[in-house]
Amino acid sequence: MIVVTGATGNVGRTLVRLLTEANEPVTAVSRKITGSDVPRGVRAVAADLADPASLRPALDGAGALFLLISGEFVSAAADPSGVVGNVVDDAKAAGVGRVVLLSSQGVVTRPESSSHGSTGRSIEDAVRLSGLDWTILRPGGFDSNTYAWAESVRTQRTVTAPFGDVGLPFVDPDDIAEVAAAALRGDGHAGQVYELTGPALTTPRQRAEAIGDALGEAVRFVEQTPDEARAQMLRFMPEPVVETTLAIIGEPTPAERRISPDVERVLGRAPRTYADWAQRHIAAFR
């Protein structure tokens, strides 16, 4: 059996579906999950990573664990790496032999950041030292981050964002899920760290244009100043996360702009484009 945490999110939902289609027994875990959130035959367990004891029932009989560390968890937990250490200890005690951790590219590109670098590194170290077979996934920005534009596109056919012409290799969450499924089910992934990106750099202006193409209608792009973007992001993100995010999208390092071969190396095909993501998810923007 494979346990999937974050099972109702952009990566976890697809991962649960892929594993189920491959006839793997799956336990899907999320804080407020119910049976209606998962495919038929999947066991749903409501648990909170911040309370490792709540996860223990989900681990019974499991052979592998997909571990997703959310931004809210990192911001709220006094010692995220200690909590994760408890989780992997419980997993090992339950007989789990393999763990796949969804980490972040910022662990290596922003080591000075407590929200991305140092905390992420300590969480990765807890997994590495667990004694389990481990695989670490380090994606950059997600295509699904642009769901934040959905309301303004629906109501005004407008996208407002900073740094309109700065490109990053955003990755499709479905590609992350496919790599995770491969690492959970197949051989040759133990001890590997995969950097996951899309196939090309895309700018906010280009992503807005791709949404317009998928809609068949023009979408206007309005560039924010950094201060305007900061004020908007502070409404729903902690200040350290906001500052690091603005640094990444405004002045990305060469490593953050690098297009990684790892999706193709694992899956045997090129990663999906942002335009493909927009076409598949255009209902959210209509």
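Being a predicted model, the structure only gives us computed values, none of them experimental.

### Overview of the overall build of the protein
Piece 1. A count of helices and strands for the protein gives 14 helices and nine strands.
Piece 2. Relative to its length of 286 residues, the protein is compact, with a C-alpha radius of gyration of 19 Å against a globular reference of 19 Å.
Piece 3. The buried share among the 286 residues of the protein stands at 51%.
Piece 4. Partitioning the contacts of the protein with sequence separation of at least 6, the portion at a separation of at least 24 is 75%.
Piece 5. Approximately 12700 Å² of the protein is accessible, and the part contributed by carbon and sulfur atoms is 49%.
Piece 6. Between the centroid of the 28 positive side chains of the protein and the centroid of its 36 negative side chains there is a distance of 3 Å.

### Remarks on the pairing of strand S4 (residues 64-68)
Piece 1. Burial within S4 is extensive, with four of its five residues counted as buried.
Piece 2. The sheet contact formed by strand S1 (residues 2-5) and S4 spans three bridges and is parallel. Opposite Ile2, over in S4, you have Ala64 as the bridge partner.
Piece 3. Bridge count between S4 and strand S5 (residues 98-102): five bridges; the pairing is parallel. Looking at the pairing, Leu67 lines up with Leu101 of S5.

### Points about the packing of aromatic side chains
Piece 1. Taken as a whole, this structure holds four aromatic pairs when the rule is applied.
Piece 2. Here the aromatic rings of Tyr147 and Phe285 are separated by 6.2 Å at their centres, their planes lie at 15 degrees, and the arrangement is stacked. Of the two residues, Tyr147 sits in the loop between strand S6 (133-139) and helix H7 (150-156) while Phe285 sits in the segment after helix H14 (274-280), which places them 138 residues apart along the sequence.
Piece 3. Residue classification places Tyr147 among the partly exposed residues on the basis of a relative accessible area of 31%.
Piece 4. Taking relative accessible area as the criterion, Phe285 reaches 0% and is therefore assigned buried.
Piece 5. Where Trp277 meets Phe285, the ring centres are 6.2 Å apart and the plane angle is 80 degrees; that geometry is what we call edge-to-face. Each member of the pair, Trp277 as well as Phe285, carries the same accessibility label: buried.
Piece 6. Three or more aromatic residues link up through ring pairs in this structure, and these residues are Tyr147, Tyr274, Trp277 and Phe285.

### Some points on the sheet that holds S1
Piece 1. The strand order across the open sheet built from seven strands is S3-S2-S1-S4-S5-S6-S8, with neighbouring strands paired in parallel fashion. The open sheet is flanked by strand S3 (43-46) and strand S8 (192-196), the only strands paired with a single partner. The average angle at which neighbouring strand axes cross in this sheet is 15 degrees, direction not considered.
Piece 2. Strand direction decides the pairing type here: S5 and S6, joined by five bridges, are parallel. What sits directly across from Leu102, in S6, is Leu137.
Piece 3. Together, S1, strand S2 (26-30) and S4 form the strand contacts of helix H1 (residues 12-21), whose direction differs from that of S1 by roughly 165 degrees.

### So, the packing of helix H10 (residues 226-233) against helix H11 (residues 239-250)
Piece 1. As a packed pair, H10 and H11 sit with axes 10 Å apart at the nearest point and diverge in direction by 145 degrees. The way H10 lies across H11 gives a crossing that is right-handed. For the pair formed by H10 and H11, the contact residues are Pro226, Ala229, Arg230 and Met233 on the first element and Val242, Glu243, Thr245 and Leu246 on the second.
Piece 2. Considered class by class, the residues forming the contact of H10 with H11 number five nonpolar, one polar and two charged.

Criteria and cut-off values
Residues numbered from 1 in each chain as written. Predicted model: local features only at pLDDT ≥ 70, side-chain atom pairs only at ≥ 80, totals over all residues. Heavy atoms only, no water. Helix = DSSP H or I, 4+ residues; strand = E, 2+ residues; numbered from the N terminus. Rg over C-alpha atoms; globule rule 2.2 N^0.38 Å. Buried < 20%, exposed > 50% of the residue type's maximum accessible area, 1.4 Å probe, protein only. Contact = heavy atoms within 4.5 Å. Areas by Shrake-Rupley, 256 points an atom, 1.4 Å probe, with all protein chains shown as cover. Lys, Arg positive; Asp, Glu negative; His and termini not counted. Charge placed at Lys NZ, Arg CZ, Asp CG, Glu CD. Pairing = 2+ DSSP bridges. Phe/Tyr/Trp six-rings, centres within 6.5 Å; stacked < 30°, edge-to-face > 60°. Axes fitted to C-alpha atoms, helices over the stretch in contact; angles between N-to-C directions. Left-handed = near helix turned anticlockwise from the far one by under 90°. Nonpolar A, V, L, I, M, F, W, Y, C, P; charged D, E, K, R; others polar.

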